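Fold and contact review
Each chain, written out:
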Amino acid sequence: LEFRRVLFRSVTIVPLPDTTVECTETIQLSLTPAAGSYDLGSPAIATLNLADDDLPAVTLSVPDAAAAEAGLNPGQFRVTRTGCLTDPLTVSYSVGGDATPGTDYVALSGSITTPAGASSATFNVVPLDDTDPESTESITVTILVGPGYIVETTQQGSVSLADNDTNFAPTANAGADQTVSVL
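Residues numbered from 1 in each chain as written. Predicted model: local features only at pLDDT ≥ 70, side-chain atom pairs only at ≥ 80, totals over all residues. Heavy atoms only, no water.

1. Quick notes on the overall build of the chain
Just so we agree on the cut-off: Secondary structure counts use DSSP, requiring at least four H or I residues in a row for a helix and at least two E residues in a row for a strand, with both numbered from the N terminus. Exposed residues in this analysis have more than 50% of their type's maximum accessible area, buried residues have under 20%, and partly exposed residues fall in between, with area computed by a 1.4 Å probe over protein chains only. The contact criterion used throughout is that any non-hydrogen atoms of two residues lie within 4.5 Å.
The secondary structure content of the chain amounts to zero helices and twelve strands. Traced from its N-terminal end to its C-terminal end, the chain shows the element sequence β-β-β-β-β-β-β-β-β-β-β-β. Every one of the 183 residues in the chain was classed for burial, and the buried ones make up 23%. Of all intrachain contacts in the chain linking residues separated by at least 6 positions in sequence, the fraction that spans at least 24 positions is 60%.

Rendered as structure tokens:
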């Protein structure tokens, strides 16, 4: 930069757009005088923080798709994020399926936070052991669009919940006198 008969000069920094999710970057401008030409005031350094405008993408996986009442064996979902890991990221999800929250399994919260420094977080489907004979049921999680992240394609997964109760259905028995009794 040249300062001839002017008190200041502006420097324009034009960021180039890209689609890479990045942490905030720093640009530093330092002024150094030519030998013997002038003295610099303070500060002689300017710092600019360049914030990214690209949002992280989130995905859903199911590391353990088989839960069971027997042994209270949990199933597990995992949310993974791309990009800068400096800050925590809270991801919202919906829960469906034919298993009943609060009866068949501990109800899920509807959101999970990946902590700062982590690229993923897991949450468990914790079975509740009841005495109702049931067929295997499902718990389905779908990632919802939310602030601070994008969902590039439908992100959905399911955990199956196996029952451990036996069906003792009544049977009809005709005795010698041809009367029917239910056992």
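Text resumes after the structure shown.
2. Section: the sheet that holds strand S3 (residues 58-64)
Worth spelling out the cut-off: Pairing between two strands is assigned when DSSP locates at least 2 bridges connecting them. Axis lines are fitted through C-alpha atoms, for helices just across the contact stretch, and the angle between N-to-C directions can take any value from 0 to 180 degrees.
Spatially, S3-S5-S8 is the arrangement adopted by the three strands of the open sheet, whose pairing is antiparallel. Looking at which strands have only one partner, the edges of the open sheet turn out to be S3 and strand S8 (120-125). Within the sheet, the average angular offset between the axes of one strand and its neighbour, ignoring direction, is 25°. Sheet analysis places S3 next to strand S5 (residues 75-81), joined by five bridges and oriented antiparallel.

3. Observations regarding a nonpolar patch on the surface
Stated precisely, the cut-off is as follows: Patch criteria: residues need more than 30% relative accessible area and no salt bridge. Like-charged residues are merged within 9 Å; nonpolar side chains of Val, Leu, Ile, Met, Phe, Trp and Tyr are merged within 5 Å. Here, Shrake-Rupley sampling with a 1.4 Å probe gives the accessible areas, and only protein chains in the shown set may cover a residue. We define a salt bridge as a side-chain nitrogen of Lys or Arg found within 4 Å of a carboxyl oxygen belonging to Asp or Glu.
Among the surface-exposed residues, Val 11, Ile 13, Leu 29, Leu 31, Tyr 38, Leu 40 and Leu 48 lie close enough to one another that they form a single nonpolar patch of about 550 Å² accessible area. Along the polypeptide, Leu 29 turns up in strand S1 (residues 25-30). With relative accessibility at 38%, the residue Leu 29 sits in the partly exposed group.

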